[in-house]
Amino acid sequence: MSELKYKRVVLKLSGEALAGEKGFGINPPVIKKIAEEIKDVYNEGIQIAIVVGGGNMWRGEAGAEMGMERSQADYIGMLSTIMNGLALQDNLESLDVPTRLQTSIEMKQIAEPYIRRKAVRHLEKGRIVIFSGGTGNPYFSTDTAAVLRAAEIDADAILMAKNGVDGIYSADPNKNADAIKFDHLTQKDLLEKELNVMDSTASSLSKDNDIPLVVFNLNKSGNIKKVVEGKQIGTVVEGK
Ligand code: GTP
């Protein structure tokens, strides 16, 4: 086993990460590959909680832009994250990784309700806990849910897995050839430079609680492991 920089982490997976190139729905080989990567890190003995997004099925903001009432649209988004959570749980358990799925909106027939102390106990017992349903409130992103849960369970870091982008840049690297990649940023930089990594609610919560954040490319095999081992990949955001 390698030396670990972090012992308990929240891994934030976007819904799009599960969709693969199609950009919509759940792509079985893609989710299986992600589950295998997570298993590799789990085998290192690290405590892992996962917050999963839902953008591969529905985006609350897009619904609102189509004229739907914003809260209503956001609730559909929350349900998407629960569907993704179930799929992820299934994939991890097919690899013999013990998991518990919790929902921020009670749905007892399907999964456990979110109970902070129970989540922590599950982690201590070596289970991966998947937090689904976002924060359970409209107007909040799953990035905010990731920061909130990380603060609640006293995680050492939030691992923000990105699709194809390998860290935080001064501008969108796909549109701007002069974009510079940052290796390190402070929480204040993240908020003030408006780098569009997370929405401002998530960034301020992260700054207020000073939970280290690592933004990295999920599409490169072995990257999650490199992050927990403290190897310099992606961008590390820490310190006020
Ligand atoms: P400990 O016994 O405390 O170590 O944890 P445990 O999760 O193994 O025990 P528990 O008896 O709470 O749960 C057994 C199984 O039932 C687990 O797979 C849980 O995820 C699941 N479970 C627990 N509570 C609920 C619930 O409210 N709804 C659903 N659908 N499943 C639940």
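Please refer to the structure placed before this passage.
Everything numeric in this text was worked out from a predicted model, so none of it was measured.

Undergrad: Describe the packing of aromatic side chains, with residues and values.
TA: Scanning all chains against the criterion turns up one aromatic pair. Their ring planes at 80° and their centres at 5.4 Å tell us that Tyr-114 and Phe-131 sit as a pair that is edge-to-face. In this pair, Tyr-114 is assigned in the loop between strand 4 (112-113) and helix 4 (116-124) and Phe-131 in strand 5 (residues 128-132), connecting sequence segments 17 residues apart. Exposure class is identical for Tyr-114 and Phe-131. Each is buried. Note that Arg-149 overlies the ring of Tyr-114, its terminal NZ or CZ placed 3.6 Å from the centroid. Over the ring of Phe-131 we find Arg-149; its NZ or CZ atom is 5.7 Å from the centre of that ring.

Undergrad: Before we move on, could you go through the side chain of Asp-143 and cite the residues and values that matter?
TA: Looking at the secondary structure, you find Asp-143 in helix 5 (residues 142-152). Among the polar contacts listed, one links the side chain of Asp-143 to the side chain of Lys-12, at a separation of 2.7 Å. Sequence-distant contacts of Asp-143, defined by excluding residues within four places in its chain, comprise Lys-12, Met-160, Val-197, Met-198, Asp-199 and Ala-202.

Undergrad: An account of the site of the ligand is needed here, citing residue identities and associated values.
TA: In the vicinity of the ligand, the contacting residues are Arg-100, Lys-108, Gln-109, Ile-110, Ala-111, Glu-112, Pro-113, Lys-118, His-122, Lys-125 and Arg-127. Note that an oxygen atom of the ligand is positioned 3.0 Å from one of the side-chain N or O atoms of Lys-118. Elements supplying a minimum of two residues to the shell around the ligand: strand 4 and helix 4. Considered class by class, the residues forming the shell around the ligand number three nonpolar, two polar and six charged.

Undergrad: Outline unusual backbone geometry, supporting the account with residue identities and numerical values.
TA: Even without being glycine, Tyr-139 reaches a positive phi, approximately 75°. In this structure, Tyr-139 sits in the loop between strand 5 and helix 5.

Undergrad: Break down the packing of helix 5 against helix 7 (residues 200-209) for me, with residues and values.
TA: One can describe the packing of helix 5 onto helix 7 by two numbers: an axis separation of 8 Å at closest approach and a directional angle of 20°. The orientation of helix 5 with respect to helix 7, classified from their angle, is roughly parallel. For the crossing formed where helix 5 meets helix 7, the hand is left-handed. Contacts between helix 5 and helix 7 involve Asp-143, Thr-144, Val-147, Leu-148 and Ala-151 from the first element and Thr-201, Ala-202, Leu-205, Ser-206 and Asn-209 from the second.

Undergrad: Tell me about the pairing of strand 6 (residues 157-162), and name the residues and values.
TA: Of all the six residues making up strand 6, five are buried; the element is thus mostly covered by neighbouring parts of the structure. Pairing between strand 1 (residues 8-13) and strand 6: four bridges, direction parallel. Residue pairing for strand 6: Leu-11 is matched across the bridge by Leu-159. Here strand 6 pairs with strand 10 (residues 213-217) via five bridges, running parallel. Pairing of Lys-162 across the sheet is with Asn-217, part of strand 10.

Undergrad: Outline helix 7, supporting the account with residue identities and numerical values.
TA: All of the buried residues in helix 7 are Ala-202, Ser-203 and Ser-206. Taken around the axis of helix 7, the buried residues stretch over an arc of 100°, which confines them to a single face. Exposed side chains of helix 7 directed beyond 90 degrees from the buried face belong to Ser-200 and Asp-208. Taken from the residues just after helix 7, Asp-210 is the one with a positive phi, measuring 45°.

Undergrad: How would you explain the sheet that holds strand 9 (residues 184-185) if you had to name every residue and give the values?
TA: Across the sheet, nine strands lie side by side as 4-3-5-2-1-6-10-11-9; this open sheet has mixed pairing. In this open sheet, the two edge strands, each paired with only one partner strand, are strand 4 and strand 9. Most of the contacts of helix 3 (residues 70-93) go to strand 3 (residues 99-103), to which it runs at about 175°, and overall it touches strand 1, strand 2 (47-52), strand 3 and strand 5. In this fold helix 5 packs onto strand 1, strand 2, strand 5 and strand 6, with an angle of close to 175° to the strand it touches most, strand 1.

Undergrad: Describe the pattern of salt bridges, with residues and values.
TA: A complete count under the given rule lists 12 salt bridges for this structure. When the shortest N-O distance is used, the salt bridge between Lys-12 and Asp-143 registers 2.7 Å. Here Lys-12 is found in strand 1, whereas its partner Asp-143 is found in helix 5, with 131 residues between them in sequence. As far as the burial class goes, Lys-12 and Asp-143 line up, both buried. The residue Glu-37 makes a salt bridge to Lys-33 at a minimum N-O spacing of 2.8 Å. Separated by four residues within a single helix, Glu-37 and Lys-33 lie in helix 1 (residues 28-42), roughly one turn from each other.

Criteria and cut-off values
- Residues numbered from 1 in each chain as written.
- Predicted model: local features only at pLDDT ≥ 70, side-chain atom pairs only at ≥ 80, totals over all residues.
- Heavy atoms only, no water.
- Phe/Tyr/Trp six-rings, centres within 6.5 Å; stacked < 30°, edge-to-face > 60°.
- Helix = DSSP H or I, 4+ residues; strand = E, 2+ residues; numbered from the N terminus.
- Buried < 20%, exposed > 50% of the residue type's maximum accessible area, 1.4 Å probe, protein only.
- Lys NZ or Arg CZ within 6 Å of the ring centre and 35° of its normal.
- Polar contact = N/O pair within 3.5 Å; in protein donor to acceptor, adjacent residues only side chain to side chain.
- Contact = heavy atoms within 4.5 Å.
- Near = heavy atom within 4 Å.
- Nonpolar A, V, L, I, M, F, W, Y, C, P; charged D, E, K, R; others polar.
- Axes fitted to C-alpha atoms, helices over the stretch in contact; angles between N-to-C directions.
- Parallel < 35°, antiparallel > 145°, perpendicular 65-115°, else oblique.
- Left-handed = near helix turned anticlockwise from the far one by under 90°.
- Pairing = 2+ DSSP bridges.
- Arc of directions from axis to C-beta.
- Salt bridge = Lys/Arg side-chain N within 4 Å of Asp/Glu carboxyl O.

So, to be careful, I would describe these as geometric facts and stop short of saying anything about function.
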